Structure formats: C-alpha cells, structure tokens
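Listed below, chain by chain, are the residues.
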Amino acid sequence: MEYISNTLGNLVEQTAFMNLTWGNLIMIGVACIFLYLAIRHGFEPLLLVPIAFGMLLVNIYPDIIISPEEASNGTGGLLYYFYVLDEWSILPSLIFLGVGAMTDFGPLIANPKSFLLGAAAQFGIFAAYLGAMAMGFSDKAAAAISIIGGADGPTSIFLAGKLEQTAILGPIAVAAYSYMSLVPIIQPPIMKLLTTEKERKIKMEQLRPVSKLERILFPIIITIVVCVILPTTAPLVGMLMLGNLFKESGVVRQLTDTAANVLMYIVVILLGTSVGATTSAEAFLNWDTLKIVFLGLIAFAFGTAAGVLFGKLMCWATGGKVNPLIGSAGVSAVPMAARVSQKVGAEADPTNFLLMHAMGPNVAGVIGTAVVAGTFMAIFGVK
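Attention in this report is confined to the structure presented alongside it. Note that the coordinates shown come from a computational prediction; the quantities given were computed from them, not determined experimentally.

**Thoughts on the overall build of the chain**
Here's step 1: When its secondary structure is counted, the chain shows 20 helices and zero strands.
Here's step 2: Computed over its C-alpha atoms, the radius of gyration of the chain comes to 22 Å, within 12% of the 21 Å expected for a compact globule of 383 residues.
Here's step 3: With the C-alpha coordinates aligned to their principal axes, the bounding extent of the chain is approximately 90 × 45 × 40 Å.
Here's step 4: Buried positions account for 54% of the 383 residues belonging to the chain.

**Brief notes about a nonpolar patch on the surface**
Here's step 1: On the surface, Leu213, Leu217, Ile220, Ile221, Ile224, Val225, Val228 and Ile229 cluster together into a nonpolar patch covering about 760 Å² of accessible area.
Here's step 2: Mapped onto the elements of the fold, Ile229 is located in helix α14 (residues 212-229).
Here's step 3: By relative accessible area, Ile229 is classed as exposed at 63%.

**Here we look at the pattern of salt bridges**
Here's step 1: Scanning all chains against the criterion turns up nine salt bridges.
Here's step 2: Notably, a salt bridge pairs Glu199 with Lys312, separated by 2.8 Å at the nearest N-O pair. Here Glu199, found in helix α13 (residues 197-200), pairs with Lys312, found in helix α18 (residues 287-317); they are 113 residues apart in sequence, far enough to count as distant.
Here's step 3: Given a relative accessible area of 24%, Lys312 falls into the partly exposed group.

**Some thoughts on the environment of Val344**
Here's step 1: Tracing the backbone shows Val344 in helix α19 (residues 336-348).
Here's step 2: You can call Val344 buried: its relative accessible area is 2%.
Here's step 3: Sequence separation of Val344 and Ala329 is 15 residues, and the distance between their C-alpha atoms is 12 Å.
Here's step 4: Discounting chain neighbours no more than four positions away, the residues touching Val344 are Pro188, Met191, Lys192, Arg200 and Leu325.

**Description of the packing of helix α11 (residues 169-181) against helix α12 (residues 183-194)**
Here's step 1: Viewed as axis vectors pointing N to C, α11 and α12 meet at an angle of 65 degrees, and their least axial separation amounts to 5 Å. Here α11 is positioned roughly perpendicular relative to α12, judged by the angle of their axes. Along its contact with α11, which presents Tyr179, Met180 and Ser181, the element α12 presents Val183, Pro184 and Ile186.
Here's step 2: Here the contact of α11 with α12 is composed, by residue class, of five nonpolar, one polar and no charged.

**Some details on the packing of aromatic side chains**
Here's step 1: Taken as a whole and assessed by the stated rule, the structure comprises six aromatic pairs.
Here's step 2: Taken together, the aromatic side chains of Phe105, Phe115 and Phe218 make up a single cluster linked through ring pairs.
Here's step 3: For Lys291, the ring lying beneath its charged end belongs to Phe137, and the centroid distance is 5.8 Å.

**Observations regarding the nonpolar core**
Here's step 1: Grouped together as the largest cluster of nonpolar side chains are 109 residues, with contacts concentrated most on Phe105, Ile145, Ile148, Ile172, Phe218, Met241 and Phe376.
Here's step 2: Of the residues forming this core, the biggest block, 11 residues, is contributed by helix α20 (residues 355-379).
Here's step 3: Beyond its immediate stretch of four places on either side in the chain, Met241 contacts Phe105, Phe218, Pro219, Ile222, Thr223 and Ile367.

**A look at α20**
Here's step 1: With 25 residues, α20 extends 36 Å from end C-alpha to end C-alpha; this agrees with the ideal 36 Å at 1.5 Å per step.
Here's step 2: Counting buried residues in α20 gives 19 out of 25 residues, a clear majority hidden from the surface.
Here's step 3: One or two steps after α20, the chain reaches Gly381, where phi turns positive at roughly 70 degrees.

**With respect to the environment of Thr369**
Here's step 1: Inspection of the secondary structure puts Thr369 in helix α20.
Here's step 2: A C-alpha to C-alpha distance of 7.3 Å links Thr369 and Ser332, two positions 37 residues apart in sequence.
Here's step 3: The residues contacting Thr369, other than those within four sequence positions of it, are Gln122, Ile125, Ile147, Gly150, Asp152, Thr155 and Ser332.
Here's step 4: Side-chain polar atoms of Thr369 contact the side chain of Gln122, separated by 3.0 Å.

**A short note on the side chain of Thr195**
Here's step 1: In this fold, Thr195 is placed in the loop between α12 and α13.
Here's step 2: Residue classification places Thr195 among the buried residues on the basis of a relative accessible area of 7%.
Here's step 3: The contacts of Thr195, once residues within four sequence positions are left out, are Arg200, Val308, Lys312, Pro324 and Leu325.

Calculation criteria
Residues numbered from 1 in each chain as written. Predicted model: local features only at pLDDT ≥ 70, side-chain atom pairs only at ≥ 80, totals over all residues. Heavy atoms only, no water. Helix = DSSP H or I, 4+ residues; strand = E, 2+ residues; numbered from the N terminus. Rg over C-alpha atoms; globule rule 2.2 N^0.38 Å. Buried < 20%, exposed > 50% of the residue type's maximum accessible area, 1.4 Å probe, protein only. Patch = residues over 30% accessible without salt bridge, like charges linked within 9 Å, V, L, I, M, F, W, Y side chains within 5 Å. Areas by Shrake-Rupley, 256 points an atom, 1.4 Å probe, with all protein chains shown as cover. Salt bridge = Lys/Arg side-chain N within 4 Å of Asp/Glu carboxyl O. Contact = heavy atoms within 4.5 Å. Axes fitted to C-alpha atoms, helices over the stretch in contact; angles between N-to-C directions. Parallel < 35°, antiparallel > 145°, perpendicular 65-115°, else oblique. Nonpolar A, V, L, I, M, F, W, Y, C, P; charged D, E, K, R; others polar. Phe/Tyr/Trp six-rings, centres within 6.5 Å; stacked < 30°, edge-to-face > 60°. Lys NZ or Arg CZ within 6 Å of the ring centre and 35° of its normal. Core = buried A, V, L, I, M, F, W, Y, C linked by side-chain atoms within 4.5 Å. Expected span 1.5 Å × (residues − 1). Polar contact = N/O pair within 3.5 Å; in protein donor to acceptor, adjacent residues only side chain to side chain.

That is the geometry; function is a separate question.
Right, dumping it as structure tokens:
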C-alpha cells in the first residue's frame, strides 16, 4: 500500500495542477482568446495560431523553453532551441527571404513616389522611441520597442535580438504580431478621421507596365544602395531582395517555390511557437509589458496617421491625383494594410480600385522598417 500511495503521490506532484499559478491561468486564457481570434475571425492565423499555442504550452510546462544551463539534466527544452534561432536572427531573416519570394515590387517600381509614403509611415517608430524613453526604458530597449510601429514582427524580433533585449522580446513580438492582425480594426477609424469623403473617392491613374529588366534590376540595386549605406541591414534587406530576385529572374522556380511555401511555413512554425513560449506568466505579467503594448498601439496609430497625412500632402501637390488612403499602407503589414486601403476606398466609391496603388507604399514600408532597424543598430554600434 505504501508503494502504491507513493507512486500515486509522485504522479499527482508531476501534474501541472500542482504548479499552476493565477498568472499561468491568466496567460492560458489569453492564449485561448488568441486562438479564438485566429480561428474564428481569421486574424493572421498563420502567425497567431503558433504564437498562441506556444503561449499555452509554456504556461502549462515552463521547462519546454528551459536552457541547458538551467536544466538539471543539462538538456534544454524543445522550444529553447527554436528560440535560439530567433536570438541569432536566423528565423527573422528567413522570413524576409520568403516574403521577398512572394512580393511583387512592380507597383513600387511603377510609382517610385511610394517610397515617400513608406518613409512617412515610419514616423510612428520614432514617436514610440521617444515615448519609451520618457517611460523610463533604456535607449536600446526603447529602440527595440519602437519598431512595433512598423507593424513588422520579424524586424521587431531581429532588432530586439541584435540589441540584446531578449528579456522583452516576447512582449515586443506578441504586440507587433497582434497589431499586424488587428490592422483591419485599428486603421479604418484613423483613415476616415483624417480624410474627407471627397478625398477617399479619388481615383488614381492606372500604373504603367513594369518590364522584366526593371524587376530584375530592382532587388540588385536596392541591395547595393541600402547595404552600402547601412551594412547592418544586409541580413533583412539582403534576404528580402534575394527572395524577390528568385521570383523575378524566372530561372530558379524551385528556389522560389521553396522560399515562398515550404521554407516559409516551416520558419513560421518555429518562430511563432518560440515567440509564444517567451510569454510565461513571470515574464509577461508586469508593468513593462503593459507599457510595451500601449507604446506599440501608439506607434502603430502614429505611423498610420503620418502615412495618411503625407498622402494628403501628395494629393495637394499633385492636384488631387493621389488618394491619401494609400498612405496608411506605409506600415509594413503586407498585404493586409494595402487591402484595408482598398476596402476603405471602396466604401466611399465601390468603383474605386486602390489595391495596386497601395501595394507600393506597403512594400516600401517593409524596406523602410528594415532601414530604420539598421539605423538604430548603427547608432548603437551593433554589427
């Protein structure tokens, strides 16, 4: 009987019920909400499902992300090794490779002025940087937090790792991906507030055709120009442009398919679950996390507003040929932000077609956010 009672006692002690805290229960509830939003409402399910499930796992079994140094047997948890790939900037760079292989830079090439709209939307990053400094974060932490304003999860993870801000990487990544998924909810009220119905009805001229030579030269030229000025952007901009060169060259279809599909989805699984696993109750439920989430929202709102306002300026400068709504797509949530521009424009005039025009600022925003990240790295002497 003693053997049986000891055995049963050991089994009970090994269950998660004996170790769950109120914080763990709260985070499990948050994970379930994220899963509901992703599955029921389709909010960025490719990212939100693995992130939420990683959150669920780590709050039930914390050792799933334990490091070898902390483990009694010297073996790290499964998701620890996934997370190391985040810290080493491998997974964010591979995400950019896949994004490049799926992205059409044609609208940006056809309308180079889109670069200005993409740049204007980065204002939210600098607004968040100043706000984070005012809230007491260090300069490097403020820089890592501010990238949320670009609505670019991989770049947020990349910069947090490079600036050695891994303690807040989880909240930063979750905030960035959450706001990416909430683009259709957050952006429209800001867009409508800052534009008139007449402006939202503006129809833009059809973009000119882009030649194959232009499409091939674009990633090569951008890589040379950007990486010569800011070499620290090479992991992100280089991989983005390499993936696009795969696509546009037309001679490596197998590599294009692999980067855009199989590799991309494998990396999303590894990155999403490892990011979710950084959100244990101990690491996530604190005032700093709430500040980061708040600053991320402010940054995203400011970035959207800056893009729309610069779009209004371009509308005035061109005599009403630019619809200001496409400026909101300057945040780099590709292609959702461009779709939101199309949707809001279509609400004002169902015959208005802004999607391809909005894709220019949208992909410019991806490049712009990577450039801002490289600028922060250069400022802090990180290579």
